[in-house]
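Listed below are the residues making up each chain.
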Amino acid sequence: MSMSQDKLYTLADILEWDEGERAEVIDGSLYMMATPSRIHQKISGELFGQLREYLRGKQCEVYAAPFAVRLFEGAEDSPENVYTMVEPDISVICSPEKLDDMGCKGAPDLIIEILSPSTRRHDRLTKFNLYQRAGVREYWIVDPSDRSVQSFLLENNAYIARDFAVNDDKITVNVLQDCVIDLAPVFAR
């Protein structure tokens, strides 16, 4: 695949690539994705497992990457005019009408991103602002290096820092009633 600095990329471009190449498009800019580390996958798997268990029998659903989230796609949009598609590490969607065969059309209720050395700035700045603009109700940033989770809750169209937990703390998922995540197994080595 050849990339151009001048081109505005769309979902249609990504759909044409080999499945082994993972990328996100944010406002037409292309971001290639590296293969996650073992620790990243372990943390993601544990968070996903706890959320899946909590959501069993409930309306909301949880998905782990790779899972396409088209934050601003409208009903009439085609892949050629969708300029933002991301693959959050974990997405929770509570509106079944947002789900289709490709993934999620619109803002999930909760997005969790797990930092890596190559995504630290991107997740803390670019995606933070993107998810806030898109109306994602809750955003978690998980930092494996200091074994922490910071949660942000959308209030009046802006993220407010809600919780900060480390090591073997427990942290509440604010958009899911009575859902508490135990971090001890998440950060167990």
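Preceding this paragraph is the structure being described.
Okay, so let's go over this structure. (Residues numbered from 1 in each chain as written. Predicted model: local features only at pLDDT ≥ 70, side-chain atom pairs only at ≥ 80, totals over all residues. Heavy atoms only, no water.)

With respect to the pairing of strand 1 (residues 23–26)
Consideration 1: By the alternation rule, side chains of strand 1 split into Ala23 and Val25 and Glu24 and Ile26, which are all buried.
Consideration 2: As paired strands, strand 1 and strand 2 (residues 29–32) are joined by four bridges and run antiparallel to one another. Within the sheet, the bridge partner assigned to Glu24 lies in strand 2 and is Tyr31. (Buried < 20%, exposed > 50% of the residue type's maximum accessible area, 1.4 Å probe, protein only. Helix = DSSP H or I, 4+ residues; strand = E, 2+ residues; numbered from the N terminus. Pairing = 2+ DSSP bridges.)

Remarks on the nonpolar core
Consideration 1: Leu47, Leu51, Val92, Trp140, Val173, Leu176 and Ile181 are the most contacted members of the largest nonpolar core, which has 28 residues in total.
Consideration 2: For this core, the secondary-structure elements that each account for two or more residues are helix 2 (38–55), strand 5 (90–93), strand 8 (110–114), strand 9 (138–143), strand 10 (148–155), strand 12 (170–173), strand 13 (179–182) and helix 4 (183–187).
Consideration 3: Among the elements that line this core, the one with the most residues is helix 2, at six residues.
Consideration 4: Excluding its chain neighbours within four sequence positions, the residues that come into contact with Leu176 are Leu51, Tyr54, Leu55, Cys60, Val92 and Cys94. (Core = buried A, V, L, I, M, F, W, Y, C linked by side-chain atoms within 4.5 Å. Contact = heavy atoms within 4.5 Å.)

What about the pairing of strand 11 (residues 158–166)?
Consideration 1: In the sheet, strand 10 pairs with strand 11 via eight bridges, with the strands oriented antiparallel. Each residue of the ladder has a partner; that of Ser148, found in strand 11, is Val166.
Consideration 2: Where strand 10 folds back on strand 11, the antiparallel hairpin that results is connected by two residues, among which Asn156 adopts a positive phi of roughly 55 degrees.

A few points about the packing of aromatic side chains
Consideration 1: Applying the stated criterion across every chain yields a total of eight aromatic pairs.
Consideration 2: Judged by centre distance (6.4 Å) and plane angle (65 degrees), the rings of Tyr9 and Trp17 are edge-to-face.
Consideration 3: On the accessibility criterion, Tyr9 (4% relative accessible area) is buried.
Consideration 4: Between Tyr63 and Phe67 the ring centres are 4.3 Å apart and the planes differ by 5 degrees, which places this aromatic pair in the stacked class.
Consideration 5: Since its relative accessible area comes to 25%, Tyr63 is described here as partly exposed.
Consideration 6: By relative accessible area, which is 10% here, Phe67 ends up buried. (Phe/Tyr/Trp six-rings, centres within 6.5 Å; stacked < 30°, edge-to-face > 60°.)

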